[in-house]
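# Fold and contact review
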Amino acid sequence: MSDKTVREAMTASPTVITSDTTVVDAARAMTTENVGSLPIVDQETLVGIVTDRDLVTNVLAKDLDPHKVPVSDVGTENPIVVGPEDPLDTALQRMAEKQVRRLPVVEDGRLVGILAQADVSRTAQAESTGRMVEEISEN
């Protein structure tokens, strides 16, 4: 797998939201797109990422109004990213080290894709994928 790049496995042009998008609208977009996270952008520049887990733990569990809370209040600012030409192995290591299942792909400061654990599974050899899933899921 060492010769494969992030670009070969990533989902190009993912659905994105802006900082002022409400939590309820983010949840609806996740449902429509069948994804568990959405990159938060400001004029094509990645400023954060919000996950379905963020919505549950930071909004629903705190009994906040999802119609009023913007994703900028509950998402992760400055998420860990990879470049499209980075080796897939590097992305796997970063996912395992940081225990994340999704990495935004950024090129020249612009969001160009997202690399999810499922994308890697489809592209990577079974042994590498098994190791990655095990390492990411340890916590």
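Please read all numbers here as calculations on a predicted model, not as lab measurements.

Turning our eyes to something else, we now look at the overall build of the chain. A count of helices and strands for the chain gives 6 helices and 6 strands. Secondary structure elements of the chain, listed N to C terminal, follow the sequence α-β-α-β-β-α-β-α-β-β-α-α. By residue count, 41% of the 139 residues in the chain fall in the buried class. Partitioning the contacts of the chain with sequence separation of at least 6, the portion at a separation of at least 24 is 61%. Summed over its atoms, the accessible surface of the chain is roughly 7800 Å², and 44% of this surface lies on carbon and sulfur atoms.

This part covers the confidence of the model for the chain. Chain-level pLDDT for the chain is 88 on average; 87% of the residues reach the 70-or-more range. Highest mean pLDDT in the chain belongs to helix 2 (residues 23-33) (96); lowest belongs to helix 6 (residues 126-136) (59).

Turning our attention to helix 2. Taken as a whole, helix 2 has its buried residues at Val 23, Val 24, Ala 26, Ala 29 and Met 30. Buried-residue contacts for helix 2 involve strand 2 (37-42), strand 3 (45-51) and helix 3 (52-60). With its phi angle positive at about 55°, Asn 34 sits one or two positions after the end of helix 2.

Those residues of helix 3 that sit buried are Asp 54, Leu 55 and Val 59. Down the axis of helix 3, the buried set is contained in an arc of 95°. They therefore lie on one face. Its buried side turned inward, helix 3 meets helix 2, strand 3 and strand 4 (76-77).

Glancing now at the pairing of strand 2. Burial of strand 2 is extensive: 5 of the 6 residues sit out of reach of the surface. As judged from the 6 bridges shared by strand 2 and strand 3, these two strands associate in the antiparallel manner. Within the sheet, the bridge partner assigned to Ile 40 lies in strand 3 and is Gly 48.

Our focus in this paragraph is the pattern of salt bridges. A side chain with one charge may pair with a side chain of the opposite charge, provided their charged atoms come close. One pass over the structure, following the stated rule, counts 4 salt bridges. Among the ionic pairs, Arg 7 bridges to Glu 107, the shortest N-O distance being 3.3 Å. With a gap of 100 residues between them, Arg 7 in helix 1 (residues 6-9) and Glu 107 in strand 5 (residues 102-107) connect regions that are remote in the sequence. Of the residues examined, Arg 7 reaches a relative accessible area of 37% and is grouped as partly exposed.

The rules behind these values
Residues numbered from 1 in each chain as written. Predicted model: local features only at pLDDT ≥ 70, side-chain atom pairs only at ≥ 80, totals over all residues. Heavy atoms only, no water. Helix = DSSP H or I, 4+ residues; strand = E, 2+ residues; numbered from the N terminus. Buried < 20%, exposed > 50% of the residue type's maximum accessible area, 1.4 Å probe, protein only. Contact = heavy atoms within 4.5 Å. Areas by Shrake-Rupley, 256 points an atom, 1.4 Å probe, with all protein chains shown as cover. pLDDT = per-residue confidence, 0-100. Arc of directions from axis to C-beta. Pairing = 2+ DSSP bridges. Salt bridge = Lys/Arg side-chain N within 4 Å of Asp/Glu carboxyl O.

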